[in-house]
Amino acid sequence: MATEHDEYMGSLKAQLAKLFEVSLKVTVPNELDVEPLVAACNGKFGDYQCNNAMGLWSKIKGKGAPFRGPPAVGEAIKNNLPSSEMIESCSVAGPGFVNVVLSKNWMAKSIQKMLIEGIDMWAPLPPVKTAVVDFSSPNIAKEMHVGHLRSTIIGDTLARMLEFSKVKVLRRNHVGDWGTQFGMLIEFLFEKFPNFEDATETAIGDLQAFYKASKQRFDADPAFKERAQQAVVRLQGGEDKYRRAWARICQISRTEFHKVYQRLGVHLEEKGESFYNPYIPGVIEALNKQGLVEESQGARVIFIEGINIPLIVVKSDGGFNYASTDLAALWYRLNEEKAEWIIYVTDVGQQQHFDMFFKAAKRAGWLPQGDSSYPKASHVGFGLVLGEDGKRFRTRNTEVVRLVDLLDEAKVRSKAALIERGKGEEWTEEEIESTAEAVSYGAVKYADLKNNRLTNYTFNFDQMLNDKGNTAVYLLYAHARICSIIRRSGKDIEELKNKGTLVLGHKDERDLGLHLLQFAEVGTMTRFAPCFLTRARFYRVYQNFQVVEEACTNLLPNVLCDYLYNLSEIFSKFYSNPECKVIGSDMETSRLLLCEATAVVMRKCFDLLGIAPIYKI
């Protein structure tokens, strides 16, 4: 039995779907497992729409059903809806579309309940308990550069979305900390620092330069190359000196990585390639016993149906590779960590690798054949970060851009803008520093996340730090202004939450309230359904909306950015309307509550995007 708490939680779409599910069972009792097709409706007919009538008619016509077409089916669906406080009215349009207008009183109660109980009550509930998000993944002894930016930012946001949805998220940093290059690095470390354990990040200096110098030595000096190759054998054999040198190089790299993660506010748990290395032989042998591993040109491979090249799991020299490690990591995550969803965040250039890797796992029976079943693995690909010249973002001397330098420059620019606005005279140095950090790092993140991750985007400081348009700066300032409105009222907002009453009397208030309530649907909602289409066109368009719905399920952060920007615009329309005056009006208490609800939802959006809010400007 539904409780009062249940009535005001979850997405509007999900709640309406439950009501239409009851109606459909009554309307077509002989049609089993009919899924309610409910979608947000961007039109004058209603707020939401049930679109089952045409599909049902195609199934039941000729079976003696008491209907004469889709409109009659729609009427029956409408008439069989159970009574609910959330529905103000229903109507049927075109070929049976059932349009729903939500009750303003119910909407107001729902928003006020969220203010009292907290926004966590609006968290969606995905069908998984444990997920792995594999992201960032830099290589040891190489500094993090702008190429790592997207994986780190997108992965962190996906992890935050899942965590908000009560999923246990294992944030994995699958660093490149194993392989043949370490023999080269270890031997170079021995040469430069005979007492290698005393080597520090300051002594080594630029990690990228250290790696390049060791590689040049490796390529130019046969004797050094031979020692480096022997060092790999000794490292993999567990010889103490080489293990300690390897650990020292890894630790120096981690210190550098931490500078980036600290600025971005990103938390990861490192489980690099070396962690899974001991599991590889057993995993390969298990796959071999299943008859999946075959010999091919001296290597051991898994053939994938529909793909010309095989997945190499043991190289011709007997060594392991990325596929070997990835298979061992997936086995560990499924069997030891009991993950139900493993998400890999890398550039789109690795798409084929993951396609083959996932298909191999399905052949082994580790993953189900269908992509909609669990456990499942997903590759979240992303495009390149480009410079103003349309090419891969690099410095003037064609080097990749160090991520620390990029973030620091954003902060310097943001701080200069605050001082130019006169904040140096009004604020303390600590306030300027914290605001500059929130705005600059938030701007870098939002400029990335607002784009569809599959596309390339151009990195431009002037655009991302602009306080107008769809930028983090504009949104952070909008939030600060809402907080200022509440402060200027002089009212205790916590007291108003419990004693005041929220009313959505004006159209602009109702529009804002509806958008707030749709927050729970971000990442799971169909964007907008057609309110009136011909039958053939409806099927084509609705199918596309279903694809969007699936794609948005926690894997497209730009949907959340779109929602946040639209929320800011809808609030601006409400607040700038003279008929919706807040401070000093007869409806001051209600409108202050609506302001607070907007600020709460904005803060949660910022949190999911990894952006720190600001409260004054």
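Treat the numbers as computed from the prediction; the structure is a model and nothing was measured.

## Let's talk about the confidence of the model for the protein
Part 1: In this model, the protein carries an average pLDDT of 88, and 91% of its residues clear a pLDDT of 70 or more.
Part 2: Confidence drops under a pLDDT of 50 for residues 1-8, and excluding neighbours within four residues, the segment shows 17 contacts in the predicted structure.
Part 3: Contacts from residues 523-552, a stretch scored under 50 in pLDDT, to residues over four places away or in other chains number 69 contacts.

## Describing the pattern of salt bridges
Part 1: What the rule picks out here adds up to 44 salt bridges.
Part 2: With a shortest N-O distance of 2.7 Å, Arg402 and Asp405 are connected by a salt bridge.
Part 3: With its nearest N and O atoms 3.7 Å apart, the salt bridge here joins Glu596 to Arg603.
Part 4: Its relative accessible area of 8% is what places Glu596 among the buried residues.

## With respect to helix 7 (residues 181-192)
Part 1: For helix 7, built from twelve residues, the straight-helix expectation of 16 Å at 1.5 Å per residue is met to within 8% by its first-to-last C-alpha distance of 17 Å.
Part 2: The element helix 7 is largely enclosed, with a buried count of nine among its twelve residues.
Part 3: Every buried residue of helix 7 is listed here: Phe182, Gly183, Met184, Leu185, Ile186, Glu187, Phe188, Leu189 and Phe190.

## What to know about the sheet that holds strand 9 (residues 299-302)
Sheets are built from strands that pair by backbone hydrogen bonding, the pairs being arranged parallel or antiparallel.
Part 1: Here we have three strands laid out as an open sheet, ordered 8-9-10, and antiparallel in their pairing. Looking along the sheet, the strands with just one partner apiece sit at the ends: strand 8 (294-296) and strand 10 (311-314). Each strand of the sheet is rotated relative to its neighbour by a mean of 50°, with strand direction disregarded.
Part 2: Of the strand pairs in this sheet, strand 8 and strand 9 are connected by three bridges, and their pairing is antiparallel. Residue pairing across strands places Ser296 opposite Ala299, the latter belonging to strand 9.

## Quick look at the sheet that holds strand 12 (residues 376-382)
Part 1: Across the sheet, which stays open at both edges, the five strands sit in the order 7-6-5-11-12 with parallel pairing between neighbours. On the outer flanks of this sheet lie strand 7 (269-270) and strand 12, each paired with one strand and no other.
Part 2: Direction of pairing for strand 5 (residues 130-134) relative to strand 11 (residues 341-347): parallel, over a ladder of four bridges. Within strand 11, the position partnered with Ala131 by the bridge is Trp341.

## A look at the pairing of strand 12
Part 1: Most of strand 12 sits out of view: seven of its seven residues are buried.
Part 2: What you see with strand 12 is no split at all: Lys376, Ser378, Val380 and Phe382 on one side and Ala377, His379 and Gly381 on the other are buried throughout.
Part 3: Note that strand 11 and strand 12 share seven bridges and pair parallel. Across the sheet, Asp347 pairs through a bridge with Phe382, a residue of strand 12.
Part 4: Crossover connection from strand 11 via helix 15 (residues 351-363) to parallel strand 12: handedness right-handed.

## Thoughts on the environment of Asn195
Part 1: Looking at the element boundaries, Asn195 is found in the loop between helix 7 and helix 8 (201-204).
Part 2: For Asn195, a relative accessible area of 57% translates into the label exposed.
Part 3: Sequence separation between Asn195 and Gly349 is 154 residues; the distance between their C-alpha atoms is 41 Å.

## Considering helix 10 (residues 222-236)
Part 1: Taking 1.5 Å of rise per residue, the 15 residues of helix 10 would be expected to cover 21 Å, and the 21 Å separating its terminal C-alpha atoms lies within 8% of that figure.
Part 2: Against helix 7, helix 9 (207-220) and helix 11 (240-264) lie the buried residues of helix 10.
Part 3: For helix 10, the side-chain oxygen to backbone nitrogen distance between the N-cap and Ala223 is 3.0 Å, and the N-cap itself is Asp221.
Part 4: Of the residues trailing helix 10, Gly238 is marked for its positive phi of about 90°.

Reading guide: rules and limits
- Residues numbered from 1 in each chain as written.
- Predicted model: local features only at pLDDT ≥ 70, side-chain atom pairs only at ≥ 80, totals over all residues.
- Heavy atoms only, no water.
- pLDDT = per-residue confidence, 0-100.
- Contact = heavy atoms within 4.5 Å.
- Salt bridge = Lys/Arg side-chain N within 4 Å of Asp/Glu carboxyl O.
- Buried < 20%, exposed > 50% of the residue type's maximum accessible area, 1.4 Å probe, protein only.
- Helix = DSSP H or I, 4+ residues; strand = E, 2+ residues; numbered from the N terminus.
- Expected span 1.5 Å × (residues − 1).
- Pairing = 2+ DSSP bridges.
- Axes fitted to C-alpha atoms, helices over the stretch in contact; angles between N-to-C directions.
- Right-handed = clockwise from strand over helix to strand, strands pointing away.
- Polar contact = N/O pair within 3.5 Å; in protein donor to acceptor, adjacent residues only side chain to side chain.

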